[in-house]
Number of protein chains: 2
Amino acid sequence: MQKRPPRQPLSQQQVIDLLDSHGVQPTMQRQEIAQVLFARDQHLSADDVLKQVNQDSARVSKATVYNTLGLFAAKGLIREVIVDPSRVFYDPNTCEHHHFYNVDTGELMDIDADQLALMNLPTLPAGTVADGVDVIIRIRNQASA
Amino acid sequence: MQKRPPRQPLSQQQVIDLLDSHGVQPTMQRQEIAQVLFARDQHLSADDVLKQVNQDSARVSKATVYNTLGLFAAKGLIREVIVDPSRVFYDPNTCEHHHFYNVDTGELMDIDADQLALMNLPTLPAGTVADGVDVIIRIRNQASA
DNA sequence: GGGTGACGTAGACTTTGTCTAAAAACTCGA
DNA sequence: TCGAGTTTTTAGACAAAGTCTACGTCACCC
Ligand SMILES: [Mn+2]
Ligand SMILES: [Mn+2]
Ligand SMILES: [Zn+2]
Ligand SMILES: [Zn+2]
């Protein structure tokens, strides 16, 4: 029942601490990217991040954006969400939760974990361990025909 | 508890009937693609289909493979499975079911619907209707350090 | 024969993401 | 402070999946 408070923009010190605490060197570029990602609860593509981070004169290269998003995901700072065949979304919310995906609009919305229970997790194939469970509820706009 | 029998290669007449029954004109190219897709329970990418359909001299173009997979999916003959950011898989099994995805090997395996129950489907956002529920259990090989 | 519509095709093109090779920026001990 | 080694960033080439366009082909009908 615990509810995470809505995300808020972080101070520079908070960003540095967050990166530090996940074993990520807080370079300037990584701080800028983290600022964008953690500004609020949202689901951004790599290209969204690239644009936002470069919108007012700060310059971070495409390679660095991709490298950094991969690093953040590997270190557990953010989560990759794969719902759209054309691009990956990055999610600052790493708590267990699921997603609505509106196939008409491309909109991606969170579903709190306590809103959707999974029963009977099946036994995994031999020699494998679980890495995560994604539930995506695809929705359409009504009367879109 | 009803269990679908394992899929088997279809006769040409069965393929034609299958396409007809879904309102798809059974052209030669569509028949060849359907033969490949429905030969057995499997998850093929567009490129897999393109290669298989062209392996012994029969020529179907890339454009036609993509067009046909899109058409089959739209008509409900097959299902798109989006688990890998680099390619879409196409699934001849349109019964409700879910997937294991081995992130080490890229292997995709079915989970029968009765093996995994979802409780408390959350209320959908206003003005939208459900289009499908995907559950993906990501797994890794043990001790892959 | 000629028109119409559905379908298939080559190949250019777009988009997302990766890779390479080099520059820049840190780290740390002498 | 110097300098060697390491980590990070970068431009731009590259790769892969998928889309689009413009044209060809075929069936059907008159
Ligand atoms: Mn794509
Ligand atoms: Mn891609
Ligand atoms: Zn989310
Ligand atoms: Zn399947």
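What you see is a predicted model; the values in this text were computed from it and never measured.

Caption draft 1: Local environment of the pairing of strand 3 (residues 87-91) of chain B. Residues and elements named next belong to chain B. For strand 3, the buried fraction is high: 4 of the 5 residues fall into the buried class. Of the strand pairs in this sheet, strand 1 (residues 44-45) and strand 3 are connected by 2 bridges, and their pairing is antiparallel. Paired with Leu44 across the two strands is Tyr90, which belongs to strand 3. As paired elements, strand 2 (residues 79-84) and strand 3 share 4 bridges and run antiparallel to each other. By the bridge assignment, Arg79 is partnered in strand 3 with Asp91.

Caption draft 2: How the structure looks around the relation of the copies chain A and chain B. Of the two same-sequence chains, chain A is brought onto chain B (RMSD 0.0 Å, axial shift 0.0 Å) by a rotation of 180°. On the angle and the small slide along the axis, the relation comes out as a two-fold axis. The fraction of interface residues of chain A whose copies in chain B are also interface residues reaches 100%, indicating that both copies meet through the same surface.

Caption draft 3: Here's a closer look at the protein's contact with DNA strand D. A:Thr27, A:Gln29, A:Thr64, B:Lys62 and B:Ser86 are the nearest of the 18 residues found near DNA strand D. Backbone atoms, meaning sugar and phosphate, make up 71% of the atoms of DNA strand D lying within 4 Å of the protein. Interatomic distance of 2.9 Å between a side-chain N/O atom of B:Lys62 and a base oxygen of DNA strand D. Looking at the surface near DNA strand D residue by residue, the class counts come to 6 nonpolar, 7 polar and 5 charged.

Caption draft 4: Geometry of the coordination of the zinc ion (ligand 3). Residues and elements named next belong to chain A. Ligation of the zinc ion (ligand 3) by protein atoms is provided by His43 (NE2), Asp91 (OD), His97 (NE2), His99 (NE2) and Asp110 (OD), these donors lying 1.9 to 2.3 Å from the ion. Mapping the donors of the zinc ion (ligand 3) onto the primary sequence yields the spacing H-x47-D-x5-H-x1-H-x10-D. One end of the pair, His99, is in strand 4 (residues 97-102); the other, Asp110, is in strand 5 (residues 108-112), and 11 residues separate them in sequence. Overall, the relative accessible area of 32% leaves Asp110 in the partly exposed class.

Caption draft 5: The arrangement of helix 4 (residues 62-74) of chain B in detail. All names here are of chain B. With 13 residues, helix 4 should reach 18 Å at 1.5 Å per residue; the first-to-last C-alpha distance of 18 Å fits that figure. Inspection of helix 4 places Val65, Thr68, Leu69 and Phe72 among the buried residues, and these make up the whole buried set. Seen along its axis, helix 4 keeps its buried residues to an arc of 100°; they face one direction. Turned more than 90 degrees from where helix 4 packs its buried face, Asn67 and Ala74 sit exposed. Each element contacted by the buried residues of helix 4 is listed here: helix 1 (12-21), helix 2 (28-38), helix 3 (46-53) and strand 3.

Caption draft 6: Inspection of the pairing of strand 5 of chain A at higher detail. Residues and elements named next belong to chain A. As judged from the 5 bridges shared by strand 4 and strand 5, these two strands associate in the antiparallel manner. Considered in strand 5, the bridge of His99 is made with Asp110. Connecting strand 4 to the antiparallel partner strand 5 that follows it, the hairpin turn spans 5 residues, and Gly106 within it adopts a positive phi of roughly 80°.

Caption draft 7: Representation of the sheet that holds strand 1 (residues 44-45) of chain A in the model. Sheet architecture is open: 3 strands sit in the order 1-3-2 (chain A), paired in antiparallel fashion. On the outer flanks of this sheet lie strand 1 and strand 2 (79-84) of chain A, each paired with one strand and no other.

Caption draft 8: Highlighting the environment of A:Phe100. By the element assignment, A:Phe100 lies in strand 4. Along the chain, A:Phe100 and A:Pro6 lie 94 residues apart, while their C-alpha atoms are 18 Å from each other. In contact with A:Phe100, not counting residues within four places along its chain, are A:Glu107, A:Leu108, A:Met109, A:Ile111, A:Ile137, A:Ile139, B:Pro122, B:Thr123, B:Leu124 and B:Pro125.

Caption draft 9: Structural detail: helix 2 of chain B. For helix 2 of chain B, the complete set of buried residues consists of B:Gln31, B:Ile33, B:Ala34, B:Val36, B:Leu37 and B:Phe38. Where helix 2 of chain B is buried, its residues touch helix 1, strand 1, helix 3, helix 4 and strand 3 of chain B.

Caption draft 10: Up close: the interface of chain A and chain B. Counting residues at the interface gives 37 residues for chain A and 37 residues for chain B. Taken over both partners, the interface formed by chain A and chain B buries close to 3300 Å², and the fraction arising from carbon and sulfur atoms is 61%. At the junction of chain A and chain B, the tally comes to 4 salt bridges. A:Asp131 is paired through a salt bridge with B:Arg140; the nearest N and O atoms lie 2.6 Å apart. Applying the counting criterion to the chain A and chain B interface returns 16 residue pairs in polar contact (both at pLDDT 80 or more). Mapped onto the side of chain A that touches chain B, the elements with two or more residues apiece are strand 2, strand 4, strand 5, strand 6 (117-119) and strand 7 (128-141) of chain A. Counted by class, the side of chain A that touches chain B contains 23 nonpolar, 9 polar and 5 charged residues.

Calculation rules
- Residues numbered from 1 in each chain as written.
- Chains lettered and ligands numbered in written order.
- Predicted model: local features only at pLDDT ≥ 70, side-chain atom pairs only at ≥ 80, totals over all residues.
- Heavy atoms only, no water.
- Buried < 20%, exposed > 50% of the residue type's maximum accessible area, 1.4 Å probe, protein only.
- Helix = DSSP H or I, 4+ residues; strand = E, 2+ residues; numbered from the N terminus.
- Pairing = 2+ DSSP bridges.
- Least-squares fit on C-alpha atoms with pLDDT ≥ 70 in both.
- Contact = heavy atoms within 4.5 Å.
- Near = heavy atom within 4 Å.
- Polar contact = N/O pair within 3.5 Å; in protein donor to acceptor, adjacent residues only side chain to side chain.
- Nonpolar A, V, L, I, M, F, W, Y, C, P; charged D, E, K, R; others polar.
- Donors = N, O, S within 2.8 Å, 3.2 Å for Na, K, Ca; no water.
- Expected span 1.5 Å × (residues − 1).
- Arc of directions from axis to C-beta.
- Buried area = accessible area lost by both parts, 1.4 Å probe.
- Salt bridge = Lys/Arg side-chain N within 4 Å of Asp/Glu carboxyl O.

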